[in-house]
Protein chains: 2
Amino acid sequence: MQGVDPAWLPEGAFRPIGTRRTLIRGTGPLVDTVYGEVAEACGRFGGEIVRNDPDLLLELTGDDDSEAFTYGRRDSCTTVTASGGAGLLYGFFHVVRLGEAAFTGSCETATFQPQLARRMLDHWDNVDVHPVMGQVERGYAGGSLFWADGRARGDLERVRAYGRLLAACGINALAVNNVNVHAAEARLLTDRLGEVVDIAGALRPYGIRTHLSVTFAAPMVLGGLATADPLDEGVRAWWAEAVRRVYGAIPDFGGFVVKADSEGQPGPFAYGRTHADGANMLAAALEPYGGTVHWRAFVYDHRQDWRDRTTDRARAAYDHFVPLDGEFADNAVLQVKHGPMDFQVREPVSPLIGAMPGTRLAVELQATQEYTGQQRHVCWLGPMWGEVLRFRPEEGASVGELARGGLVAVSNVGDDPFWTGHPLAQANLYTFGRLAWQPDAEPLTVLDEWIRLTFPDAPARLVAGLHAVLDGSWATYEKYTAPLGVGFMVQPGHHYGPSVDGYEYSPWGTYHFADRDGVGVDRSVASGTGYAGQYGKAWASVYESPDTCPDELLLFFHHMAYGHMLKSGRTVIQHIYDTHFEGVEEVEAAREVWGSLAGLVEPARHARVAELFDEQLRGAREWRDQVNSYFFRKSGVPDARGRIIY
Amino acid sequence: MQGVDPAWLPEGAFRPIGTRRTLIRGTGPLVDTVYGEVAEACGRFGGEIVRNDPDLLLELTGDDDSEAFTYGRRDSCTTVTASGGAGLLYGFFHVVRLGEAAFTGSCETATFQPQLARRMLDHWDNVDVHPVMGQVERGYAGGSLFWADGRARGDLERVRAYGRLLAACGINALAVNNVNVHAAEARLLTDRLGEVVDIAGALRPYGIRTHLSVTFAAPMVLGGLATADPLDEGVRAWWAEAVRRVYGAIPDFGGFVVKADSEGQPGPFAYGRTHADGANMLAAALEPYGGTVHWRAFVYDHRQDWRDRTTDRARAAYDHFVPLDGEFADNAVLQVKHGPMDFQVREPVSPLIGAMPGTRLAVELQATQEYTGQQRHVCWLGPMWGEVLRFRPEEGASVGELARGGLVAVSNVGDDPFWTGHPLAQANLYTFGRLAWQPDAEPLTVLDEWIRLTFPDAPARLVAGLHAVLDGSWATYEKYTAPLGVGFMVQPGHHYGPSVDGYEYSPWGTYHFADRDGVGVDRSVASGTGYAGQYGKAWASVYESPDTCPDELLLFFHHMAYGHMLKSGRTVIQHIYDTHFEGVEEVEAAREVWGSLAGLVEPARHARVAELFDEQLRGAREWRDQVNSYFFRKSGVPDARGRIIY
C-alpha cells in the first residue's frame, strides 16, 4: 500500500513464488485469496499460474474448517495440501516465509497445525475519542485503523492489508473495539452494526473472524430494559435477538469480549449473580451460531484504601474465579492476564492458570507497550512471553498448553505508517502471532524469522545489529525501570516515565511499601497476604521463602531489607543501583549499534528509530536517576562504586 | 437575581436605607446607579426619594475621578459627599455596610478613600474550553461568568450583579480573560472586541474598569506581522492602532495584563529584549488614553532539571526584575505574586517587593483556592493576606504601602449560584476587596463585617459559629497539608490532594529534598542557593540562620534534620505528626460546629457547606495519613504519642 510500511511482507518476500510456476487446485473464498496473492506475485516477478508441471502446487482437498496444512517437496515440486481454505492460506504464507529455501532440494512431507485454535488481537480502539484515553486506549501508534472521531474510518483497503499481515503470522481473530465500552461503542452491537460488517468483510479474505467488545449493560443502555440481570428472561431474550441479528449480518462472527465488574464497567455483581452466570448467558446466546464469549478475569477492587494491608490485588482474579471452576459453558472462555497484576515489566505467572482445569482459559498478553516503553522504547517482548508460555504451574502442562481458549494480545497497532509507531515494535506483533500458533516456539527463532522477512537480503552486519538491538531489550528495559519484581513505579494516568511513589498512596492496589529499611510486598503465607499459597505446591514453596524465591521476583513476594544479599551476590540496594546504571549503558550501546546501521536500512525507517532512541535514552536516564535517588534518599546507602546519585 | 445567591448584599441590607427619606444631588452615570439602588430599596421597604428634609443626603459635588467620599451624621441627617461619581457610589455602599448604625446618633464627618488606586480581579477565564484547564483555569466555581464554550455567555444581568457585589467591597478593575491567552482569547483584542464591550458596559455602572489579558505575540498571531519585537516600529504601530480601536469602543478601558516569557507564553526574550522593553512598548500604546499595562513578574525556568541544585525557582523573579528597576514606564505596573513560588499555603513574602523603589508594583494574591482546598475546603485567606500586606521588607513601608500599582487577586468566582462554589469562600472575595481598599485593615474586622452583611440579623450563636469555622481555617489547612513552609506536596496537574513526591523529580523547580535524615531547601547564603540574601539586611539575617528563622518558614529556608528542635519545643518530625493530627481534629470540630448551625442558615446553603465538609474531612484525613506515612517511612521515627501511622 502507498505510504504504508510493508512490515514482514515486503515485495521481495514474494519473489521466490513470483518467479515460479504455481498450480492452484480447489475453490472457495480463501483459495481466491491465495490465487490473488500468487497472481500478483507472478505479475510482478514474471512467474505464472499454470495447469501442469508446477514448481509449486497449492491444493485444497476438502471444505472443512481445519487450519492445518501439509508441506513437502520432492521431484522439484513443492506441495501444500490442506483440507480447509484457512489451512491453504497458512500453507501459502509458510512458503512465503521459507523463501528460496522452499524451492531447493527436497523435504519430507510434514503436517503443520496451530497448537491453539484461537489466536486473537484485542483492539482497545474507541469509536469516539475518549476525553482522557483518546482514540485508542493505551495506543502508541497514532489513531485507530477502524475508527476516527466517532465514525468508521472507512479505509477498508488498509484494514485488508492489516488482515493480510496478521494471517501471515498466524492470527485468526480480532476484536474491533475497546473492552471499556462507552456509549458510541455500545451501539456497534445494534444500530451501528453495519460498520462492523464492513470491517469483517475486509478481514474475512485472510481468515480472520471479527469480534465485538460489548457492555454487560447493553439490554439497558441499548434495549431500554430495566435490568441486565443475566437470569432475567427478558434480558436473555434481548441478547438472543441481538446475537441473531449479528449473525444475520456477519455469519462468521467470532463472538464477544466482555470486561465486567472491572474498573467501573457494569457486570453481574449488581444482580447478585456470579461471573459464570454472566458469561453463560452470553454463551447461550452465541452457542447456536458457534460463537464464543471471552470473559475477562481482570476483576479486582480498584478503590482500595492504601492503608489496608490485608487486601492484595494480586490475589483477586484467583479469589474471584477459582470457586467458579467447572461452571462456565463450553463456549465461554475465561480470558486471564498472564500476570496477577497488570502487564508489568516483570510479574510471576498468574496462579489462576492451572488452577481451573474445568474451564477453558485464554491467556492475555499486552503487545501494546503500556508499561514497557510505549513504543518509544525498544522492548521486544518475545523472551517475556516465551517464559510465560513455557512456565509449568504444576508437573505437566505448560501455560501454552493450558491456554485451551487461545492466546490473546492487546494490539499495538494504529494508523501510523509503520503500523506500530516504533518500527521495531512490529517484531512484537509478529512474535505474538507466531507464539500463538506455536506457544513452545523459541522466541529467538521467531525474531530471526521476523528479521529475515522484514529486512530481505540483509547483510550479516544488519542482522547482527538488529539482534543486538532487540534480543536483550526487555531485560534492558527491566534493568532501568523495575528492579526485582517491583512494579507500578510509573507516572499515574498515562504510565509513561518514572514516579516511584506515583501509585503508592492510591486506591489502585499497587504498592511497593518502600521505607528507610527495605522495600517489597510480603505475599507469603506465613507472614504476608497469602498470595504465594495460590500456586501449586511446588511453586508455592519456591515463592514462599526469600531463600528460594528467584531474585527477579523477590520484591514481588517479599519485603526485604536493602542490605539483603541476593543470589547474585549483590545486596538489594546495590542491585537497584547497578541495574539502573547498566540499563542506561545498554541503551547507549544499542543506540550506537543502530547508528552504525545507517545506510543498511531505508532512511525513513532508520531516522524514525534513531529519533526514538534519543527519547529512549533520555527516558532511561530519567528512570535511572529518579529510582536511584529515591532509594538512596530512603536507604542512605551509598553506591559501592561511587557513581553519581542525586 | 433569581436563583443566584445575594452574597453580602441580601435584601435586608437595604432595609435601613429603604425605609428612609433620601435626597440625591448631582448627575452622571454613577449617580444614576446610586439613584437606582435607593429607588429599588425604597420601592421594597416603603421609603422615598425626596427633595428636602432627608434622613440621608447623597451629594456629588464635582465631576472628577476621585473615589473618596466624606461621611458624617448630625441633626438626624446622614450625609455622604463626594467630588466624583465613584466616591458617591462607595459612600452609598458605606452606608449599606453600616446598616441601622448609619441612622442613629451622630458621627463626626470624616473622609474615606482607598489606600490603593487599583483594586483588581484577574479572571483566569478561557473563552474556549481548554482541553486540560477547562473553561476557567484553576476555577472551582463552575463555568465562567463571561464565556461559555467558545462564546460570550451573554448573561449581562449576571455580570452587572457581579459588578455590584464587587463595588460593594471596593473592587474597581477586572480582567475578563486568562493570563494564558490561547487562540480564541487573543482575538478579544481585535475582531471579538465587541464581546468585551458588552461586558465593560455591564460593569461600568458600578465603577469597574475592564482589562484584557493579551498575548505578547498578538502582532504575529492576529496582525500577521513577522515579528513581535517590542522595538520594531511596525510592531509598535500595530499595538498603537489596536489600542486606539479598543479605546474607541471602551473609553474607560483599564489596560492590559500580560504574562510573558512565562510557562511557555511568548515574550521579549525571543528578540533579545528586556521585560522593560516589552512592558514599555505596551505602556506607550496605552499612555495616550490613560491605560495601564500589568506586566507579570512570574518569570522562571519551568523546565528545570531536578538534578540541578544550583537553580532556585524562588530566586527567579528577583533575579530577572531587580536589575530593571527604574526602567519601567509610569503606566507599566509590575505585578508580583505575594510569595516567591506560587500561592502556596505558606511562603515568605517575595523579596522583590521593596527591592524596586523605582517601579510601580502591584501585589498579586490568589482568591481562587488552587493550593488551599479548591473551594471544597474552608480556607479563609484573610489572615495570610493580612500578614503579607503588613510585612515590612525594610524599616519603613509595609507591603500594602509598597503596592503602589495596586492589589490584584486571581478571581474565585464562576457561574455557580453561590458565585464561589463553596458558599463560605465568598468571604475570601469580600476580604480581598476590603483589604485592597485598606491594606492595613484588620482581617478579622473584615470577617465580622462579611458575616454581619451576609447573614443579616444573625443570632449570636450563628455569628460565633461562623467565626469558629472561618477564623482559623487557614491555619488548620496549613496544619494538615504543608508543614513548616514545605510546599507543592500536591497531586501534579490539578493540584488537589496530597502527593508528597508529586513534584519532587519534576521540571517545575519545586522540591523539598526529603531524605532519611531530614527535609527542606537550604536557601541560605552561607551554604544554600543564596535566596535568603535577596531580602533587606534585617530579614536576610533572620532567614539566614535556622536559629532565627521563624518555625513556620524553617523548611522553606533550611534543610533540617528530623530531630531538630523547633522554637515550639517540638522536633521537626513530631511537628509534622502533631500538626497533621491536629489539623484533622480541627476539621472535625469545624464540621461539628457547622452541623450545629442547621436551622440558623437557609437549608440550601447549609446543605451545600455540610456536603463540602464531608469532602474536606475525607481530604484532610488523606493528607494526614499520606504525609505522616511518607515521613515515618523515611525517618523511621515513631510518633511520640503512639498514634496510627501507616
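I will try to describe carefully the structure that is included in this document. (Residues numbered from 1 in each chain as written. Chains lettered and ligands numbered in written order. Predicted model: local features only at pLDDT ≥ 70, side-chain atom pairs only at ≥ 80, totals over all residues. Heavy atoms only, no water.)

What follows deals with the overall build of chain A. Helix and strand counts for chain A stand at 20 helices and 20 strands. What you see for chain A is a C-alpha radius of gyration of 25 Å, in line with the 26 Å of a compact globule of 646 residues. Across chain A, every contact between residues at least 6 apart in sequence was considered, and the portion connecting residues at least 24 apart equals 71%. For chain A, the accessible surface area stands at approximately 22,800 Å², while carbon and sulfur atoms represent 51% of it. Separation between the mean location of the 58 positive side-chain charges and that of the 83 negative ones in chain A comes to 2 Å. (Helix = DSSP H or I, 4+ residues; strand = E, 2+ residues; numbered from the N terminus. Rg over C-alpha atoms; globule rule 2.2 N^0.38 Å. Contact = heavy atoms within 4.5 Å. Areas by Shrake-Rupley, 256 points an atom, 1.4 Å probe, with all protein chains shown as cover. Lys, Arg positive; Asp, Glu negative; His and termini not counted. Charge placed at Lys NZ, Arg CZ, Asp CG, Glu CD.)

The biggest cluster of nonpolar side chains holds 205 residues, and the ones touching the most others in it are A:Trp8, A:Trp239, A:Phe256 and A:Phe631. Looking at this core element by element, the count peaks at 9 residues for helix α19 (residues 572-596) of chain A. In this structure, A:Trp8 is in contact with A:Leu165, A:Ala168, A:Cys169, A:Gln426, A:Leu429, A:Tyr430, A:Trp450, A:Leu453 and A:Thr454, ignoring residues within four places of it in sequence. Judged by nonpolar contacts, the second largest core, of 204 residues, contains B:Val176, B:Leu193, B:Leu352 and B:Ala403. (Core = buried A, V, L, I, M, F, W, Y, C linked by side-chain atoms within 4.5 Å. Buried < 20%, exposed > 50% of the residue type's maximum accessible area, 1.4 Å probe, protein only.)

In this section: the interface of chain A and chain B. Contact with chain A, which involves 22 residues of that partner, is made by 22 residues of chain B. Together chain A and chain B conceal approximately 2,100 Å² of surface at their shared face, both sides included; 47% is due to carbon and sulfur atoms. Three residues, A:Arg307, A:Arg516 and A:Arg633, lead the burial of chain A against chain B; their summed loss comes to 38% of the area buried on that side. A salt bridge links B:Glu504 to A:Arg633; the shortest N-O distance between them is 3.1 Å. (Buried area = accessible area lost by both parts, 1.4 Å probe. Salt bridge = Lys/Arg side-chain N within 4 Å of Asp/Glu carboxyl O.)

This part covers the side chain of B:Thr481. Residues and elements named next belong to chain B. For Thr481, the location among the structural elements is in helix α16 (residues 473-481). Given a relative accessible area of 2%, Thr481 falls into the buried group. Those residues in contact with Thr481 that sit more than four places away from it in its chain are Val345, Met489, His580, Trp623 and Val627.

Turning our attention to the pairing of strand β4 (residues 69-74) of chain B. Residues and elements named next belong to chain B. Where β4 and strand β6 (residues 107-112) come together, 4 bridges link them in antiparallel fashion. Across the sheet, residue Thr70 finds its bridge partner in β6, namely Thr111. Relative to strand β5 (residues 77-84), β4 runs antiparallel, the two being bridged by 5 bridges. Within β5, the residue paired with Arg73 across the bridge is Thr78. Where β4 folds back onto β5 in an antiparallel hairpin, the turn is made up of 2 residues, including Asp75, whose phi is positive at roughly 50 degrees. (Pairing = 2+ DSSP bridges.)

The next subject is unusual backbone geometry. The backbone of A:Phe343 sits at a positive phi, close to 60 degrees, despite the residue not being glycine. Within the fold, A:Phe343 resides in the loop between β16 (332-337) and β17 (361-366). The class for A:Phe343 is buried, based on a relative accessible area of 4%. Residues other than glycine seldom take positive phi values, yet B:Gln375 does so here, at roughly 55 degrees. By the secondary structure assignment, B:Gln375 is in the loop between β17 (361-366) and α11 (382-390). B:Gln375 gets classed as buried once you look at its relative accessible area, which sits at 2%.

Attention now moves to the sheet that holds strand β3 (residues 56-64) of chain B. Residue and element names in this part refer to chain B. Here 6 strands make up an open sheet; going across it, the order is β2-β1-β3-β5-β4-β6 and the pairing mixed. Only two strands of the sheet have a single neighbouring strand rather than two, namely β2 (48-49) and β6. Sheet topology places strand β1 (residues 21-25) next to β3; 4 bridges connect them, and they run parallel. Following the sheet pairing, Thr22 is matched in β3 by Leu56.

All right, on to helix α9 (residues 275-286) of chain A then. Residues and elements named next belong to chain A. Taking 1.5 Å of rise per residue, 12 residues should cover 16 Å, and α9 covers 17 Å from first to last C-alpha, within 8% of that figure. Counting buried positions over the 12 residues of α9 gives 10, a clear majority of the element. In this fold, the buried residues of α9 make contact with α8 (233-249), β14 (255-258), β15 (292-296), α10 (316-321) and β16. Sitting at the amino-terminal end of α9 is Thr274, which places a side-chain oxygen 3.2 Å from the backbone nitrogen of Ala276. (Expected span 1.5 Å × (residues − 1). Polar contact = N/O pair within 3.5 Å; in protein donor to acceptor, adjacent residues only side chain to side chain.)

This paragraph deals with the side chain of B:Thr476. Residues and elements named next belong to chain B. For Thr476, the position within the fold is in helix α16. Taking relative accessible area as the criterion, Thr476 reaches 10% and is therefore assigned buried. Ignoring anything within four residues of it in the chain, the contact list for Thr476 reads Gly583, Glu586 and Val587.

Our next topic: the packing of helix α16 (residues 473-481) of chain A against α19(A). Residues and elements named next belong to chain A. Running from amino to carboxyl end, α16 crosses α19 at an angle of 135 degrees, the nearest separation of the two axes being 7 Å. When the axis of α16 is compared with that of α19, the two are oblique. As α16 packs across α19, the resulting crossing turns out to be left-handed. Packed against α16, whose contacting residues are Thr476, Lys479, Tyr480 and Thr481, the element α19 presents Thr579, His580, Glu582, Gly583, Val584, Glu586 and Val587 at the interface. In the contact of α16 with α19, the residues fall into 3 nonpolar, 5 polar and 3 charged. (Axes fitted to C-alpha atoms, helices over the stretch in contact; angles between N-to-C directions. Parallel < 35°, antiparallel > 145°, perpendicular 65-115°, else oblique. Left-handed = near helix turned anticlockwise from the far one by under 90°. Nonpolar A, V, L, I, M, F, W, Y, C, P; charged D, E, K, R; others polar.)

So, on to the environment of A:Ala409. Locating A:Ala409 in the fold gives a position in strand β18 (residues 406-410). Each C-alpha atom, one on A:Ala409 and one on A:Asp301, is 23 Å from the other, the two residues being 108 residues apart in sequence.

Now for the relation of the copies chain A and chain B. When chain A is fitted to chain B, the residual RMSD is 0.0 Å, and the transformation amounts to a turn of 180 degrees plus an axial shift of 0.0 Å. Each copy turns onto its partner about a two-fold axis. No C-alpha of chain A approaches the rotation axis more nearly than that of A:Lys634, which lies at 2.9 Å. Looking at the interface residues of chain A, 100% of them are also at the interface in chain B, so both copies use one shared face. (Least-squares fit on C-alpha atoms with pLDDT ≥ 70 in both.)

Our next topic: the packing of helix α19 (residues 572-596) of chain B against helix α20 (residues 603-635) of chain B. All names here are of chain B. Relative orientation of the contacting elements α19 and α20 amounts to 170 degrees, with a least axis distance of 9 Å. Comparing their axes, α20 and α19 come out roughly antiparallel. Once α19 is placed against α20, the crossing between them reads as left-handed. Looking at the contact of α19 with α20, its residues break down into 17 nonpolar, 6 polar and 6 charged.

Here we come to the packing of aromatic side chains. Throughout the structure, instances matching the rule amount to 69 aromatic pairs over all chains. A centroid spacing of 5.9 Å and a plane angle of 80 degrees characterise the contact between A:Trp450 and A:Phe455, whose relative ring orientation is edge-to-face. With a centroid separation of 4.9 Å and an interplanar angle of 65 degrees, the aromatic rings of B:Tyr90 and B:Trp437 are classed as edge-to-face. With a gap of 347 residues between them, B:Tyr90 in helix α3 (residues 85-98) and B:Trp437 in helix α13 (residues 426-437) connect regions that are remote in the sequence. Among the aromatic residues, those joined into a ring-pair cluster are A:Phe391, A:Tyr531, A:Tyr535, A:Trp539, A:Tyr543, A:Phe556 and A:Phe557. The side chain of A:Lys634 reaches across the aromatic face of B:Tyr630, ending 5.6 Å from its centre. Seen from the ring of B:Phe556, B:Arg523 lies directly overhead, with NZ or CZ sitting 4.2 Å from the centre. (Phe/Tyr/Trp six-rings, centres within 6.5 Å; stacked < 30°, edge-to-face > 60°. Lys NZ or Arg CZ within 6 Å of the ring centre and 35° of its normal.)

A word on the sheet that holds strand β2 (residues 48-49) of chain A. Residues and elements named next belong to chain A. Strands sit in the order β2-β1-β3-β5-β4-β6 across an open sheet of 6 strands; the sheet is mixed. A strand with exactly one partner marks an edge of an open sheet, and here the two such strands are β2 and β6 (107-112). Packed onto the sheet, helix α3 (residues 85-98) meets β3 (56-64), β4 (69-74), β5 (77-84) and β6 and runs at close to 150 degrees relative to β5.

Here the focus is the pattern of salt bridges. Opposite charge on two side chains permits them to pair, given that their charged atoms come into close proximity. This structure, assessed with the given rule, holds 88 salt bridges over all chains. Bridged by salt links that share partners, the residues A:Lys479, A:Arg570, A:Asp578, A:Glu582, A:Glu586, A:Asp639 and A:Arg643 form one connected network.

The next thing to look at is the pairing of strand β1 (residues 21-25) of chain A. Within a regular strand, side chains alternate between the sheet's two faces. All names here are of chain A. Strand direction decides the pairing type here: β1 and β2, joined by 2 bridges, are parallel. Directly across from Arg21, in β2, lies its bridge partner Glu48. In this view, the connection linking β1 to its parallel neighbour β2 by way of helix α2 (residues 29-45) has right-handed handedness. (Right-handed = clockwise from strand over helix to strand, strands pointing away.)

The next point concerns α3(B). Spanning 14 residues, α3(B) covers 20 Å between terminal C-alpha atoms, matching the ideal 20 Å at 1.5 Å per step. Burial analysis of α3(B) places 13 of its 14 residues in the buried class, which makes it a mostly covered element.

Take the environment of A:Asp625 next. Looking at the secondary structure, you find A:Asp625 in helix α20 (residues 603-635). Classification of A:Asp625 by relative accessible area gives buried; the value is 4%. As a C-alpha pair, A:Asp625 and A:Ala475 span 150 residues in sequence and 18 Å in three-dimensional space. Here A:Asp625 is in contact with A:Tyr646, B:Trp306 and B:Arg307, once residues within four sequence places are set aside.

As a further point, take the state of the cysteines. Residue and element names in this part refer to chain A. In total, this model carries 0 disulfides over all chains according to the counting rule given. With no disulfide partner, Cys42 has as its closest neighbouring cysteine sulfur the one in Cys77, 14 Å distant. Cys379 provides the cysteine sulfur closest to Cys169, a residue in no disulfide bond, and the two sulfurs are 19 Å apart. Take Cys169: its relative accessible area is 0%, and that puts it in the buried class. (Disulfide = S-S within 2.5 Å.)

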